[in-house]
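One letter stands for each residue in the lines below.
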There are 2 protein chains.
Amino acid sequence: MNYRSVIKVLGFLLLVTSACLVLPALVSLAYRETDWPYFLAATGIGVLLGGGTLLVLRDAPDLRVREGFAVVAFGWICVGLLGALPFWLSGQVPSFTDAAFESISGFTTTGASILTDIEGCSHGMLFWRAMTHWLGGMGIVLLALAILPLLGVGGMQLFRAEVPGPVAERLTPRIRETAKILWGVYVLLTAAEILALLLAGMGLFDAVCHSFATMATGGFSNHNSSVGGYASPAVEWVIIVFMFLAGANFSLHFLALKGKWRVYFRDEEFKFYGTIILVCTSMIMATLVPIHFYPHWGEAFRRSLFQVVSILTTTGFGTADYLIWPPLAHGLLLVLMAVGGCAGSTGGGIKVMRVLILLKHAKLELRKMLHPRGVFTLWFNGRAISSSLQTNVLGFFLLYMMVYVGGVLILTMGGRDLVTSVGATAATLGNIGPGLGLVGPASNYSTLLDWEKWLLVMFMVIGRLELFTVLVLFLPGAWRKS
Amino acid sequence: MNYRSVIKVLGFLLLVTSACLVLPALVSLAYRETDWPYFLAATGIGVLLGGGTLLVLRDAPDLRVREGFAVVAFGWICVGLLGALPFWLSGQVPSFTDAAFESISGFTTTGASILTDIEGCSHGMLFWRAMTHWLGGMGIVLLALAILPLLGVGGMQLFRAEVPGPVAERLTPRIRETAKILWGVYVLLTAAEILALLLAGMGLFDAVCHSFATMATGGFSNHNSSVGGYASPAVEWVIIVFMFLAGANFSLHFLALKGKWRVYFRDEEFKFYGTIILVCTSMIMATLVPIHFYPHWGEAFRRSLFQVVSILTTTGFGTADYLIWPPLAHGLLLVLMAVGGCAGSTGGGIKVMRVLILLKHAKLELRKMLHPRGVFTLWFNGRAISSSLQTNVLGFFLLYMMVYVGGVLILTMGGRDLVTSVGATAATLGNIGPGLGLVGPASNYSTLLDWEKWLLVMFMVIGRLELFTVLVLFLPGAWRKS
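Each chain carries its own residue numbering, running from 1 in the written order of its sequence. Here chains are named by letter from A upward and ligands by number from 1 upward, in the order in which they appear as written. With the structure being a predicted model, the display of local features is reserved for residues of pLDDT at least 70 and the display and counting of side-chain atom pairs for 80 or more, all residues being used for whole-chain, interface and lining totals. Excluded from the side-chain calculations are hydrogens and water; all other atoms, namely the structure's heavy atoms, are used.

> Please set out a positive patch on the surface residue by residue, giving values where relevant.
Residues and elements named next belong to chain A. Side chains of Lys258, Lys260, Arg262 and Arg266 sit close together on the surface and give a patch of like positive charge. Think of it this way: any DSSP run of H or I at least four residues long counts as a helix, any run of E at least two long counts as a strand, and we number them from the N terminus. Residue placement: Lys260 occurs in the loop between helix H10 (250-257) and helix H11 (263-266). Whether a residue is buried, partly exposed or exposed follows from its accessible area with a 1.4 Å probe, protein chains only, as a fraction of its type maximum: under 20%, in between, or over 50%, in that order. A residue is classified by how much of its surface remains accessible, and Lys260, at 37% relative accessible area, is partly exposed. Only residues above 30% relative accessible area that lack a salt bridge enter a patch, with like-charged residues linked at up to 9 Å and the nonpolar side chains Val, Leu, Ile, Met, Phe, Trp and Tyr linked at up to 5 Å. Surface accessibility follows the Shrake-Rupley procedure with a 1.4 Å probe radius. Residue values consider only the protein chains on display as shielding. Put simply, a salt bridge is a Lys or Arg side-chain nitrogen that is within 4 Å of an Asp or Glu carboxyl oxygen. Asp and Glu are treated as the negative residues and Lys and Arg as the positive ones, with His and the ends of the chain left uncounted. Working definition for charges: the position is that of NZ of Lys, CZ of Arg, CG of Asp or CD of Glu.

> Tell me what's going on with unusual backbone geometry, and back it up with residues and numbers.
All names here are of chain A. Unlike most non-glycine residues, Arg32 shows phi in positive territory, near 55°. Examined against the element boundaries, Arg32 turns out to sit in the loop between helix H2 (22-30) and helix H3 (36-56). Take Arg32: its relative accessible area is 78%, and that puts it in the exposed class. Not every positive phi belongs to a glycine, and His292 is a case in point at roughly 50°.

> An account of the relation of the copies chain B and chain A is needed here, citing residue identities and associated values.
Superposition of the copies was done by least squares, using only C-alpha atoms of residues whose pLDDT is at least 70 in both. Under the fitted operation, chain B is carried onto chain A by 0.0 Å of movement along the axis and a turn of 180°, and the coordinates agree to an RMSD of 0.0 Å. What the superposition gives is, in effect, a two-fold axis relating one chain to the other. Only heavy atoms matter for contacts: two residues are in contact if any of them lie within 4.5 Å across the pair. Taken as a fraction of all interface residues of chain B, those also at the interface in chain A reach 100%, which identifies the copy contact as same-surface.

> Tell me about H10(A), residues and numbers included.
All names here are of chain A. Taken across its eight residues, H10 has seven buried, putting it largely inside the fold. Of the positions making up H10, those classed as buried are Phe250, Ser251, Leu252, His253, Phe254, Leu255 and Ala256. The positive-phi residue at the C-terminal boundary of H10 is Gly259, with phi of around 100°.

> I'd like to hear about the packing of helix H16 (residues 387-413) of chain A against helix H14 (residues 327-339) of chain B, residue by residue, with values.
All axes are obtained by fitting lines to C-alpha atoms, using only the stretch in contact for helices, and the reported angles, taken between N-to-C directions, cover 0 to 180 degrees. Running from N to C, H16(A) and H14(B) point in directions that differ by 155°, and their axes come no closer than 7 Å. With respect to H14(B), the axis of H16(A) lies roughly antiparallel. Viewed along their axes, H16(A) and H14(B) form a crossing whose handedness is left-handed. Between H16(A), through Val405(A), Leu409(A), Thr412(A) and Met413(A), and H14(B), the contact on the second element is made entirely by Pro327(B), Leu328(B), Gly331(B), Leu332(B) and Val335(B). Among the residues making up the contact of H16(A) with H14(B), the classes are represented as seven nonpolar, two polar and no charged. We call two directions roughly parallel when the angle between them is under 35 degrees, roughly antiparallel when it is over 145, roughly perpendicular when it lies between 65 and 115, and oblique otherwise. Note: crossing handedness is left-handed where the near helix turns anticlockwise from the far helix by less than a right angle, and right-handed where it turns clockwise. In this classification, the charged set is Asp, Glu, Lys and Arg, the nonpolar set is Ala, Val, Leu, Ile, Met, Phe, Trp, Tyr, Cys and Pro, and all remaining amino acids, among them Gly, are polar.

> Account for the pattern of salt bridges, with residues named and values stated.
Counted by the stated rule, this structure contains 18 salt bridges over all chains. When the shortest N-O distance is used, the salt bridge between Arg303(B) and Glu299(B) registers 2.9 Å. Placement of both Arg303(B) and Glu299(B) in helix H13 (residues 297-312) is noted, with a separation of four residues, approximately one turn of the helix. For Arg303(B), a relative accessible area of 16% corresponds to the buried category. Between Arg354(B) and Glu466(B) there is a salt bridge whose closest N-O contact spans 2.7 Å. With Arg354(B) in helix H15 (residues 352-370) and Glu466(B) in the loop between helix H18 (450-464) and helix H19 (468-471), this residue pair connects regions lying 112 residues apart in the sequence. The class for Arg354(B) is buried, based on a relative accessible area of 1%. Within this structure, Lys351(A), Arg354(A) and Glu466(A) form a network of salt bridges that share partners.

> Outline the interface of chain B and chain A, listing residues and values.
With 50 residues of chain B in contact, the opposing surface of chain A contributes 50 residues. The term buried area means the drop in 1.4 Å probe accessible area that two parts suffer when joined, counted for both and summed. With both sides pooled, the region where chain B packs onto chain A buries about 4200 Å², and carbon together with sulfur makes up 84% of that total. On the chain B side of the contact with chain A, Leu366(B), Met369(B) and Leu370(B) bury the most area, a combined 17% of that side's loss. Here chain B and chain A share zero salt bridges between them. Counted as a polar contact is a pair of N or O atoms within 3.5 Å, where, for protein atoms, one must be capable of donating a hydrogen and the other of accepting one, and residues adjacent in sequence contribute only when both atoms are in side chains. Seen at the junction of chain B and chain A, the total is four residue pairs in polar contact (both at pLDDT 80 or more). Residue assignment for the side of chain B that touches chain A shows that the elements contributing at least two residues are helix H4 (65-89), helix H12 (268-288), H14, H15, helix H16 (387-413), helix H17 (418-429) and H19 of chain B. Element by element, the count of residues in the side of chain B that touches chain A is highest for H16(B), at 13 residues. In the side of chain B that touches chain A, the residues fall into 32 nonpolar, twelve polar and six charged.

Spatial relationships are all this shows, so hold off on functional conclusions.
Structure representation (structure tokens):
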């Protein structure tokens, strides 16, 4: 690995983040709040570190694929740590661990929070908190559709530009061009949501923050009681629609915006994504309606749908405490946490595409038992999936389960109860936010111990960067000088 | 599928079971109890059904591989139902669902019980209960080492006789010969355990029953409080040793008995099996000792080791209520439930061999990321594992997780809490016995609803027969006439 190339790019990322930190300072000034210097201080530190690095390493060679892993993993961490500074310096989050947790939770679009009094935060801080989501989401869109395919991460090769198919055929293969196109879609959808939330009666500031958090499938809200705090069905419906869009493949949106909206109905992953939502919502409703949990079935429908979409897309907004729902919701939402959004969305988790390939693979394996000499092909979106790609997806699933189990064991070893450990691991590894038990939707991560918070931060990063990208760095071979 | 061939073999299996039912009748007579007629009634029904079938279908063609799946799955169910008759006819288990649960739990060597007052049962019934384990264990040894390799089930091909290697090289390839050899080992170990338990101070009847339950990794005990009820460290140590042996590959024992005891130290699976036990025992001890859960660290060691071996081998005997241990035990034992015994043992679960192959595969996948053009070989016990066999093992893991998740969802849908649902599914699918929550080691399955019991019976059978064997029957193609 060429360390100098890696560090040079990290410097560049710090510089970009520093520039972004000017925005919350302006928000702070606009609201006549006193904490704008902390944002500018963070900007200063970022410019010093980032700019200095770039100057010193200006002739470091360009990146190669192998260094991509290190850049992605450390990039998210460095940016997250810089982003933690305003929270910490201003004293609004007195512990650096907590500040880093909140910031990395933001940049990984997890949305797990340690803030116990969100409404007591300044506008600048709330804006920066939402912005970490939005910037993280931008990074993820680029990562999923332009960088990971080049690195060959668990099934993402399906998006590799040279492979013909509904996803890649229309996207310009070069990363820079891809970025421009996808970010265009991302900005456009965010703007549309801001407008829709304004029409639903939300104020401008909250509308912007919630749109940032929705499009990134993050989940930070400006209310202690999350989206439920607005007590507005119109707001909930708007957010349901945009969470759904944010959890779908962004290249489909791009094609749809170019007039080819039929791609939605031709894409197997998208259809399966819709089916999961409908089936799970119906199942949860079927346990809520008979016991008259909500006064009207319409409300039961809206709340079930909101929670299913929020968890499946890994957003993590809440309008209800699903822990007091009948047990099916606990089991089902725990499964949805692992499934996650579509590939090429800002959602986390295993991804709908991979789950679909796994289901098809399982059926194929059974058919092979009956016809040991038969030759079977796994079809996805009209193309044959090679057996090496199937193995890659199976390997991803395996690693996901291993990290999951490892996380639960470490947390229980520290004395945390089983349900909280499972919930916290699932919710951070899948980048959801709220989990089960102590870290359920009605509480947050503030009561955890410092080492537990850092462990969960690690899961957020591992989950967000599709496991392989981070885990590969644990191999000694990754660090060999070249 | 040729139904007549399948039914003919089922008839034969019923006939064998009928013959076995004479033994508990003799036990009943020996103890001057009055329930011997119920065993003979079951014998009569079995002879009538089995003998009649054999007579009618005596010229049905021989079995082919494809019919093997149906024979194995329905064989276990038919034998289990016949075995339920004495419990039910005698009125000692008034509900047929409960009787079938107990009997199939026995034959699948699960050891999950619905009996609330075990000590109130007659000697004949307790003997039959233990015998269902022992017979089931015999079936499993044969299935794992002689039948499944022929059917090509998830990695069991490693045992296929034509493949050279430490496992298969010394075993006569024909099923009949293999059966004789393995059953010899099985009988010998059972006899050794009976002797050891007698020396440890247990009575003959209990020694026989517990040896049956240990060698089959079943877990039915004659005490309401399981092995803990004997309050004898000597008994516990004997059972620890024999559970450990029963959870190891029987072909290793065969080779060891022939003087080649070094095979244990050359077998990767066996070494990993030992390592898991040592590591997990130490981890649990590390949470028990600091809080002085037991008066002495020696007792903490014995109880941790007993529980780890009991759960990993999927026996399910208890000497402690692990639900009141610190949380690590819950997480760790839940993981061990899924891992299970060694391949070729009477233990259930995913199997140590498969887990080891999965771990190696995960590492390989990561290395592939660093060297996309590299060629990697997965070595197991000194031989290269083909990529199709790796995929087969991955497929097994995938199916296991799918059935697991499906089970939890169905149980929670019925209103059962998440922890109990997870525990009950894990404990029946892995053929362990005690689970978590309501079905923990200090309670049993009696309070569950009838449909839940049948669902769990299905999981016992699916888990016991290595998933593929049963699940393949859900494919329409399996039923096509040939």
